[in-house]
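Commentary on secondary and tertiary structure
This is what each chain is made of:
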Amino acid sequence: MDLEVMNGLLRPKSIAVIGASNTEGKIGYSVVRSLIEGGYEGPVYPINPKSNEIQGFKAYKSVLDVPGEIDAAAIVVPAKFVPQVTRECGEKGVKGLIVIASGFSEIGRADLETQTVEIAHEYGMRVLGPNIVGILSNSDKCNASFAPFLPLPGKAALVSQSGALFIAMDASTYIRRVGFDKMISIGNMSDVNFGDTVSWLDQDESTGCISLYIEGLKDGRRFMENALTASKPIIALKSGTSAHGAAAAASHTGSLAGSGKVYDAAFEQAGVVRASDLNNLFDRTLAMSLQPPMQGDSLLIVTNGGGVGVLATDSAERYGIPLRFAPEDVQAELRKYMPEFGSARNPVDLTGMAGRDWYQVSVQYSFAHDWVDGLVVLYCETAMTDPQDIAEGIKAAVDGSGVTDKPIAVSFVGGERSEAAMRWLVENGIPAYNEPDTAVNAMASLREYARNQNAAQSFVRNEDVDEAAARAVIANVRSEGDRAMTEIESKAIFEAYGLPVAHTRLATTEDEAVAKAVAANGPVVLKIVSPDILHKSDAGGVKVNVEGEEAVRKYFREILANAKAYKPDADIHGIAVQEMAPWGTEVILGSVNDATFGPAVMFGLGGIFVEILKDVTFRVAPVSPEQSLKMLSDINGAPILEGARGETPKDRKALAEVLSRYSQMIDDLGDEILETDANPVIVYDEGDGVCIVDARIILKAE
């Protein structure tokens, strides 16, 4: 990223408005008017070949006629003229283009976008947009947009893909009392994208946290890299996560990935905190722009009402921070500031008798105590207390504690006096909300951010793999014109990556099947091998626990007959003879090649848990064994692997290592592989390892 160019684009010291107008109602009029009313102090150069003066500024026929330097050009002419204007800007030495004009890829004219960006890059310029509202910056008094005004000043920055939401959120900042220094409309992202803006805002001294409204990412991996290296918190609201295309997916994994799970995983891996809706985006932005992350799990709640304390307790559990009773020394101290019928456990109920003094001393002591990692303070408005007095007591307590590396969030429940007190708290750096649930959720975002940052693990590639052998198998399959690999072919690739597959060999005749079954020295599984039959059980193509020559011959014939009846034109390679793996706990591994993030690995419990409950988790590949171990804990069925109800714990370490290797396989071969399943994978007791029983790989279309 060229910092000088991006500074010129997003913090311009001079601006040209190409398509500026004196006619109210035109965007060219609004952009110039917004610059004036926002108090922009740099030179403004309106460009309009038919006017000599626009809204008090001297107008020019072209940017080439402007005598001074131009950092950014806001372009509002019709789309067909934008490439020509871009070249003129390049010849002038403009650093960046704010292309407000629409009529590009959003209506099928991607060619105009491509042409504009190519010309811009010839001259070292960057393009923001097209199809955007513009840029807003309080610290620069710059409203280069057709939004009506600058947002409420604050420490956050917002990047929005939606123009209509951009304008609505600008207005909402004053109602919600959430301040932003900068707002950037990103539109079609023909050039500058979310990753670029994240990297630039991370270096901007006026930005404390970065909020994103995302409809889609064009380069998911690059975004992850930029977000992961950012030093400032990032909150993202992702729309459009409903399932799509799942019905056409050929594997279990493909059908499970269409619900936004890969986005969830990618954001977590990149350290990005998710917002659930617009309200939540504002609420979490407020907390993260004003408070440090919550580094531990010990949350203390101080309140004057049992009801709101119970509500907050429920919320804490819902958002992943279950409350624990405070240590005895904390309880003993806090009992001094409440009546006998109060409670010092957690929540700390000071009772309705609590005034400023009790609040202030309790908050100051608690906030400074080593056990407390985060503090939520609740207040229910009463006739005998003044909300403003309580608010000032809380602020004095925080200041008096000397603590700057722990977060606090507040909720006042009451009327206009409480609303005014909360506005005062926000203005003084303490996030305040009118519901206990919202305050706890805000605290959860600070905990989530800390956890994501602490969980980042670098992946160390396994060197004992044979990628060349795996690619040779793929090349052979493609030479046959196939995309759906057979179990035998899939397992050959698994073996090339050191994955523990059950011994499986192909038999094309009954005699071969008998010989291979005898060599297995025990019961075997017989399975149809056909690229045209992906779900073997549905076709009656699987027989388990087969033992003895007579049984092998019988089931060999039966499986072939079932397969031909199921799909008469199927290309049948033969019957797989596989050693019968001992019973254990079934799990599934899988992968998809996501359109945004590329290869992503899935984990879940097998059987009914994946078929019906869809209890699975995803990560963008590759993932380290440490990250893989966390995946095992993410699913609802995690206690089964941990040894629930007296069961022996399963070999989670071995499973995590297998999952990590699996992720390397799909990452290495991501240019070839579309989807995979390893289902079932048998996990044995701790120390006894893992066995992959069945395997499926589907290649990308050529």
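Everything below is about the structure printed above this text.
What this report covers is the structure whose coordinates are included nearby. (Residues numbered from 1 in each chain as written. Predicted model: local features only at pLDDT ≥ 70, side-chain atom pairs only at ≥ 80, totals over all residues. Heavy atoms only, no water.)

On to the packing of helix H6 (residues 194-202) against helix H7 (residues 220-229), then. Running from N to C, H6 and H7 cross one another at 15°; their axes reach a closest spacing of 8 Å. As summarised for this structure, H6 and H7 are arranged roughly parallel, according to the angle between their axes. When the axes of H6 and H7 are compared, the crossing they make is left-handed. Across the interface between the two elements, Phe194, Gly195, Asp196, Val198, Ser199 and Asp202 from H6 touch Arg222, Phe223, Asn226, Ala227 and Thr229 from H7. (Axes fitted to C-alpha atoms, helices over the stretch in contact; angles between N-to-C directions. Helix = DSSP H or I, 4+ residues; strand = E, 2+ residues; numbered from the N terminus. Parallel < 35°, antiparallel > 145°, perpendicular 65-115°, else oblique. Left-handed = near helix turned anticlockwise from the far one by under 90°. Contact = heavy atoms within 4.5 Å.)

Under the criterion given, the structure shown has 9 aromatic pairs. Ring plane angle 90° and centroid distance 5.7 Å describe the contact between Phe149 and Tyr174, whose orientation is recorded as edge-to-face. On the criterion of sequence distance, the pair formed by Phe149 in the loop between strand S9 (142-145) and strand S10 (156-160) and Tyr174 in helix H5 (residues 163-176) is long-range, its members being 25 residues apart. Classification of Phe149 as partly exposed rests on a relative accessible area of 35%. Of the residues examined, Tyr174 reaches a relative accessible area of 32% and is grouped as partly exposed. Here the aromatic rings of Tyr379 and Phe412 are separated by 4.8 Å at their centres, their planes lie at 55°, and the arrangement is tilted. Of the two residues, Tyr379 is situated in strand S17 (residues 374-380) and Phe412 in strand S18 (residues 408-413); the sequence distance between them amounts to 33 residues. Here Tyr379 matches Phe412 in class, with each residue buried. (Phe/Tyr/Trp six-rings, centres within 6.5 Å; stacked < 30°, edge-to-face > 60°. Buried < 20%, exposed > 50% of the residue type's maximum accessible area, 1.4 Å probe, protein only.)

This part covers the layout of surface pockets. Reported here for the largest pocket is a volume of approximately 1100 Å³. Together, 36 residues line the largest pocket, and Glu268, Glu448, Asn452, Lys630 and Asp634 are the ones closest to its centre. Of all the elements in the fold, those that place two or more residues in the lining of the largest pocket are helix H9 (261-269), helix H10 (278-290), helix H16 (436-455), strand S26 (616-620) and helix H22 (625-634). Here the element with the most residues in the lining of the largest pocket is H16; it accounts for 7 residues. Here the lining of the largest pocket is built from residues that sort into 12 nonpolar, 9 polar and 15 charged. Of the pockets and cavities examined, the second largest pocket occupies roughly 690 Å³. Residue lining of the second largest pocket: 29 residues in total, with Ser537, Glu586, Asn679, Pro680 and Asp694 positioned closest to the centre. Within the residue set of the lining of the second largest pocket, elements represented by two or more residues are strand S21 (524-529), strand S22 (542-546), helix H21 (608-611), strand S27 (673-683) and strand S29 (695-699). In terms of residues, the lining of the second largest pocket owes the most to one element, S27, which gives 4 residues. Partitioning the lining of the second largest pocket into residue classes produces 13 nonpolar, 8 polar and 8 charged. (1 Å grid on protein atoms, 1.4 Å probe; cavity = no way out; pocket = protein on both sides within 12 Å on 5 of 7 lines; lining within 4 Å. Points joined across faces, edges and corners; volume = space filled by probe spheres on them. Nonpolar A, V, L, I, M, F, W, Y, C, P; charged D, E, K, R; others polar.)

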